Amino acid sequence: MGPSHFAEIRTLHSDPRVMATLSADGNIFSEDQTRTFLQRAAEHWSLHDVGLWIFHSSSTGDFVGYGGIKHAIVEGKDEIELAYAVSSAHWNKGFATEMSEAALKVGFEELHRERIVAFTLPHNKGSRTVMEHCGFIYQRDIVHAGLPHFLYHLDSSDYGARSKI
């Protein structure tokens, strides 16, 4: 993901329903904030050879959202985070879970990460459901970006046991 995906990411960042789950203040992003987000996403790829991917529906070609794994500072520690966002028009269709499973496969099976974390605002029940469906375990309440969040984790041993089922 990078600056060439501005129009697609802008649809997420201008959707109040989506941004209620993503932004620190719950407000939509300005165009400049979207550009900054995309610039940081591109820089992350350059630095780490991993990051966020753009996802489209295989049946319609419609933009669905983004997902992937990336570095994130959680309570002062560098962690590998599972991140995703889905267009509200595509909520409750399994896309977040599908994107997450693809990202986890890369993280654990190709990059051999020992642990991946995910976190969400407490009111985002949909995201918590996705995390739990993917095998993440609630760890504790944290403060991230100045707001309360639920922190989940998934260890490679637990991922490996789930993938063999």
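Preceding this section is the structure that the text describes.
Parameters and conventions
- Residues numbered from 1 in each chain as written.
- Predicted model: local features only at pLDDT ≥ 70, side-chain atom pairs only at ≥ 80, totals over all residues.
- Heavy atoms only, no water.
- Helix = DSSP H or I, 4+ residues; strand = E, 2+ residues; numbered from the N terminus.
- Rg over C-alpha atoms; globule rule 2.2 N^0.38 Å.
- Contact = heavy atoms within 4.5 Å.
- Areas by Shrake-Rupley, 256 points an atom, 1.4 Å probe, with all protein chains shown as cover.
- Polar contact = N/O pair within 3.5 Å; in protein donor to acceptor, adjacent residues only side chain to side chain.
- Phe/Tyr/Trp six-rings, centres within 6.5 Å; stacked < 30°, edge-to-face > 60°.
- Buried < 20%, exposed > 50% of the residue type's maximum accessible area, 1.4 Å probe, protein only.
- Lys NZ or Arg CZ within 6 Å of the ring centre and 35° of its normal.
- Pairing = 2+ DSSP bridges.
- Core = buried A, V, L, I, M, F, W, Y, C linked by side-chain atoms within 4.5 Å.

> How would you explain the overall build of the protein if you had to name every residue and give the values?
From N to C terminus, the protein includes six helices and six strands. Helices and strands in the protein line up, N terminus first, as α-α-α-β-β-β-α-β-α-β-β-α. The C-alpha atoms of the protein give 15 Å as radius of gyration, which agrees with the globular expectation for 165 residues (15 Å, within 12%). Seen through its C-alpha atoms, the protein measures out along the principal axes to roughly 40 × 40 × 35 Å. Across the protein, contacts joining residues at least 24 apart in sequence account for 54% of those joining residues at least 6 apart. When the accessible surface of the protein is split by element, carbon and sulfur atoms take 52% of a total near 8800 Å².

> Account for the side chain of Ser 88, with residues named and values stated.
Within the element layout of this structure, Ser 88 appears in the loop between strand E3 (77-86) and helix H4 (95-110). In terms of polar contacts, Ser 88 uses its side chain to reach the side chain of Asp 15, at 2.5 Å.

> Please provide a residue-by-residue account of the packing of aromatic side chains, values included.
One pass over the full model with this rule turns up five aromatic pairs. Taking 5.8 Å as the distance between ring centres and 80° as the angle between the ring planes, the aromatic pair formed by Tyr 138 and Tyr 152 counts as edge-to-face. Of the two residues, Tyr 138 is situated in strand E5 (residues 137-144) and Tyr 152 in strand E6 (residues 147-155); the sequence distance between them amounts to 14 residues. Note on Tyr 152: relative accessible area 3%, which makes it buried. Put simply, the rings of Tyr 138, Phe 150 and Tyr 152 touch in pairs and so form one group of aromatic residues. The aromatic ring of Phe 6 is capped on one face by Arg 35, whose charged end is 4.6 Å from the ring centroid.

> Describe the pairing of E3, and please don't skip the residues or the numbers.
The buried fraction of E3 amounts to eight of the 10 residues, a majority that puts the element mostly inside the structure. Here strand E2 (residues 63-74) runs beside E3; their pairing, made up of 10 bridges, is antiparallel. By the bridge assignment, Gly 67 is partnered in E3 with Tyr 84. The antiparallel pairing of E2 with E3 creates a hairpin that spans two residues between the two strands, and Glu 75 there sits at a positive phi of about 50°.

> Tell me about the nonpolar core, residues and numbers included.
Ranked by internal contacts, the top residues of the largest apolar core, which has 23 residues, are Ile 69, Leu 82, Tyr 84, Leu 104, Ile 116 and Phe 136. Elements with a minimum of two residues in this core: E2, E3, H4, strand E4 (115-120), helix H5 (125-133) and E6. Setting aside its immediate chain neighbours within four residues, Ile 69 contacts His 44, Val 50, Gly 51, Leu 52, Trp 53, Ile 80, Glu 81, Leu 82, Ala 103, Gly 107, Leu 111 and Ile 116. If you look at the next biggest cluster of nonpolar residues, it comprises 14 residues, including Leu 38, Ala 41, Leu 52 and Ile 54.

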